[in-house]
Amino acid sequence: MKMLTTQISGLMQRISSSEEENIEETARLLAQAAAREGTVFFATFGEMKSISINAQLSAEPFPSMQTWLPEIELTSTDRVWILTRSCYDEEALALAKKLSEKCIPFGALAAEPEGHDNMLADLAYTYISTKLTKGLLPTEDGTRIVLPHALSGLFVYEAVKMKLNEMLIGE
């Protein structure tokens, strides 16, 4: 348990220290919709759907937020936040391409860092990496286990929400 706590704490520290600017930029992007007549759509995939549920049902819901569904017609005042385990998720990439073609600004969250092979990061207006590209704990046979994508995503979500609230209401 102690090793797990240490590794998760280290993961949160890595996100905090290296993604602070991207978190602020994402909050700024989403605040554009929340401050105007638009909607902030969370397009969540896999276990990241837990973040969308939290954003809607928590004691402090995310302002102007709705869960994205494929049949929704987006407007220029809307913003989308794509949250996925991996930048290689085919559904997330298809949505990113569609949003890019329609000039709908969106942010993205995935495990992989920005780089030459990260099309999701290339298409997104803002991109946050959870830094979770391998398991946190080694096993006896050398493999690594424990991939808390949803937990790291919720950490980033709370950081973005905190910044967004500061922008909207000056908390």
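In the block above lies the structure referred to throughout.
Residues numbered from 1 in each chain as written. Predicted model: local features only at pLDDT ≥ 70, side-chain atom pairs only at ≥ 80, totals over all residues. Heavy atoms only, no water.

A.B. asks: Help me out: how do you make sense of the overall build of the protein chain in this one?
C.D. replies: A count of helices and strands for the protein chain gives six helices and seven strands. Overall, the C-alpha framework of the protein chain stretches about 55 × 35 × 25 Å when taken along its three principal axes. A total of 171 residues make up the protein chain; the buried ones form 44% of that total. Looking at the protein chain alone, contacts between residues at least 24 apart form 67% of all its contacts between residues at least 6 apart. By element, 53% of the accessible surface of the protein chain is carried by carbon and sulfur atoms, the whole surface being about 9000 Å². Across the protein chain, the centroid of the 15 positively charged side chains sits 2 Å from that of the 24 negatively charged ones. (Helix = DSSP H or I, 4+ residues; strand = E, 2+ residues; numbered from the N terminus. Buried < 20%, exposed > 50% of the residue type's maximum accessible area, 1.4 Å probe, protein only. Contact = heavy atoms within 4.5 Å. Areas by Shrake-Rupley, 256 points an atom, 1.4 Å probe, with all protein chains shown as cover. Lys, Arg positive; Asp, Glu negative; His and termini not counted. Charge placed at Lys NZ, Arg CZ, Asp CG, Glu CD.)

A.B. asks: Before we go on, may I ask you to explain unusual backbone geometry in this structure?
C.D. replies: With the exception of glycine, the majority of residues adopt a negative phi angle, and the majority of peptide bonds are in the trans configuration. Phi is positive for Ser64, close to 55 degrees, though the residue is something other than glycine. Here Ser64 shows up in the loop between helix H3 (49-57) and strand S2 (65-67). Of the residues examined, Ser64 reaches a relative accessible area of 33% and is grouped as partly exposed. Positive phi, close to 55 degrees, is recorded for Cys103, a residue that is not glycine. Looking at the element boundaries, Cys103 is found in the loop between helix H4 (90-101) and strand S4 (106-110).

A.B. asks: I tried to follow H4 on my own but got confused; where do I start?
C.D. replies: Think of an α-helix as 3.6 residues a turn; residues three or four steps apart then line up on the same face. Counted at 1.5 Å a residue, the expected span for H4 with its 12 residues is 16 Å, and the 16 Å between its end C-alpha atoms agrees. Buried within H4 are the following residues: Ala92, Leu93, Leu95, Ala96 and Leu99. Angularly, the buried residues of H4 cover 160 degrees about the axis, an arc narrow enough to put them on a single face. In H4, the exposed positions that point more than 90 degrees away from the buried face belong to Glu90, Glu91 and Glu101. In this structure, the buried residues of H4 make contact with strand S1 (40-44), strand S3 (79-83), S4 and helix H5 (119-123). In this structure Asp89 caps H4, since a side-chain oxygen of it lies 2.9 Å from the backbone nitrogen of Glu91. At the C-terminal side of H4, Cys103 shows a positive phi close to 55 degrees. (Expected span 1.5 Å × (residues − 1). Arc of directions from axis to C-beta. Polar contact = N/O pair within 3.5 Å; in protein donor to acceptor, adjacent residues only side chain to side chain.)

All we've got here are geometric facts, nothing functional implied.
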